[in-house]
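Working through the structure, step by step
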Amino acid sequence: MEWSYNVLEGRLITNSSAGFRLTMSEIVIRTAGAEDAKLLTNLSYTTFWDAFARHPKNAPDDLAHYMRQAFNEEQIALELADENTIFLIAEVEAKAAGYAKLIRHAIEEGISAERPIELSRLYSHQEYLGKGVGQDLMNACLELARENGHDVMWLGVWEFNPRAIAFYEKNDFRPVGKHTFQLGSDPQTDLLMQRALR
């Protein structure tokens with residue numbers, strides 16, 4: 001389905017059968033397709049590097065190992081082909097400004113849900129931090145999840161990422177547990193957070 005976001009009424013309207021599209025001021029959010037594999041590879045690599053490369057707890061070798069595995073075009077193409085995975089791309093003046101990755105029906109221990117959806121990634125390009133891209137992506141993710149009948153959205157966020165934790169708390173996510181995120185040889189701790197969608 002194709003959706004557009006009505007800014008005045010704050011709701012999604014079904015239009016046709018081509019994907020998800022959200023327009024808020026100059027930020028346009030759309031679903032990604034197979035043709036976006038290269039764009040998403042570059043965007044995901046750059047935004048992850050910008051977010052974590054300078055953190056003293058991340059060893060360069062561990063970071064490089066993880067990024068080679070997670071952010072290559074073959075891997076991104078496989079994820080785009082998965083019917084339960086949805087990528088949203090935020091664009092400003094036709095330039096990629098951020099993205100989100102949702103995984104339908106994903107769940108793990110500690111998450112309480114009947115019809116869960118995981119917010120696996122949400123990143124803004126460095127030049128758009130603080131300009132509403134992240135919040136618009138979050139709004140689009142929440143609306144898309146509701147429209148698809150999910151009752152809970154959940155995520156994992158690194159315990160040493162206070163900015164992201166504060167952002168998720170502002171969006172009504174609450175800690176419900178922890179899990180391990182393997183960054184190369186480094187088993188890092190993520191906080192598990194979830195929020196109801198009703």
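Here the structure is a predicted model, which means the values were calculated and not measured. Within each chain, residue numbers correspond to sequence positions counted from 1 in written order. Side-chain atom pairs in this predicted model are given and counted only at pLDDT of 80 or more, local residue features only at pLDDT of at least 70, and totals for whole chains, interfaces and linings cover all residues. The basis for every side-chain value is the complete set of non-hydrogen atoms in the structure, without hydrogens or water.

Observations concerning the overall build of the chain
- When its secondary structure is counted, the chain shows five helices and ten strands.
- The buried label goes to any residue with under 20% of its type's maximum accessible area, the exposed label to any with over 50%, and the partly exposed label to all in between, with areas taken from a 1.4 Å probe on protein chains only. Classification of the 198 residues of the chain by burial places 50% in the buried group.
- Residue contacts are counted whenever heavy atoms from the two residues lie within 4.5 Å of one another. A fraction of 59% describes how many contacts in the chain between residues 6 or more apart in sequence connect residues 24 or more apart.
- The Shrake-Rupley method, run with a 1.4 Å probe sphere, supplies the accessible areas, and residue values consider only the shown protein chains as cover. Working note: accessible area of the chain is about 10,100 Å², and carbon and sulfur atoms make up 49% of it. Helix and strand definitions follow DSSP, with helices as H or I runs of at least four residues and strands as E runs of at least two, each counted in order from the N terminus.

Remarks on the pairing of strand β5 (residues 85–92)
- The element β5 is extensively covered by neighbouring structure, given that eight of its eight residues are classed as buried.
- Neither face of β5 is left uncovered, since the one carrying Thr85, Phe87, Ile89 and Glu91 and the one carrying Ile86, Leu88, Ala90 and Val92 both have all their residues buried.
- Strand pairing is assigned whenever DSSP detects at least two bridges linking the two strands. For strand β4 (residues 27–31) and β5, the ladder comprises five bridges, and the chain directions are antiparallel. Across the sheet, Ile27 pairs through a bridge with Val92, a residue of β5.
- Taken together, the eight bridges between β5 and strand β6 (residues 95–104) define a ladder with antiparallel strand orientation. Each residue of the ladder has a partner; that of Glu91, found in β6, is Ala96.
- As consecutive antiparallel partners, β5 and β6 are separated by two residues, and within that stretch Glu93 has a phi angle of approximately 50°, a positive value.

Here we look at the environment of Tyr45
- Within the secondary structure, Tyr45 sits in helix α1 (residues 37–52).
- Note: C-alpha distance between Tyr45 and Phe71 (26 residues apart in sequence) is 5.6 Å.
- With residues near it in sequence (within four places) discarded, Tyr45 still touches Met67 and Phe71.

Comments concerning the confidence of the model for the chain
- As a per-residue quantity, pLDDT reports the predictor's confidence and falls between 0 and 100. When pLDDT is averaged along the chain, the result is 89; 87% of the residues meet or exceed 70.
- The low-confidence segment residues 1–18, where pLDDT is below 50, has 48 contacts with residues more than four positions distant or belonging to other chains.

Section: the layout of surface pockets
- Of the grid points, spaced at 1 Å and generated over the protein atoms alone, those admitting a 1.4 Å probe that cannot get out make up cavities, while open sets with protein on both sides within 12 Å along at least five of seven lines make up pockets; any residue with an atom within 4 Å of a point is treated as lining. Grid points are joined across faces, edges and corners, and a volume is the space filled by probe spheres set on the points. Space inside the largest pocket adds up to approximately 1,100 Å³.
- Lining the largest pocket we find 41 residues, and of these Phe52, Leu122, Tyr123, Asn161 and Ala164 sit closest to its centre.
- Counting residues per element, the lining of the largest pocket draws most heavily on strand β7 (residues 116–124), which supplies seven residues.
- Its residues placed into classes, the lining of the largest pocket shows 19 nonpolar, 14 polar and eight charged. As a working rule, the residues Ala, Val, Leu, Ile, Met, Phe, Trp, Tyr, Cys and Pro are called nonpolar, Asp, Glu, Lys and Arg charged, and the rest polar, with Gly in that last group.

As for the pattern of salt bridges
- Whenever Lys or Arg places a side-chain nitrogen within 4 Å of a carboxyl oxygen from Asp or Glu, that contact is recorded as a salt bridge. Throughout the structure, instances matching the rule amount to seven salt bridges.
- In this structure, Arg30 and Glu91 form a salt bridge, with 3.1 Å as the shortest nitrogen-oxygen distance. Remark: Glu91 occurs in strand β5 and Arg30 occurs in strand β4; sequence separation between them is 61 residues.
- Glu91 gets classed as buried once you look at its relative accessible area, which sits at 14%.
- A salt bridge links Arg146 to Glu143; the nearest nitrogen and oxygen atoms lie 3.7 Å apart. A residue pair is termed a helical-turn pair when its members lie 3 or 4 positions apart in one helix, as Arg146 and Glu143 do in helix α4 (residues 133–147) at three residues.

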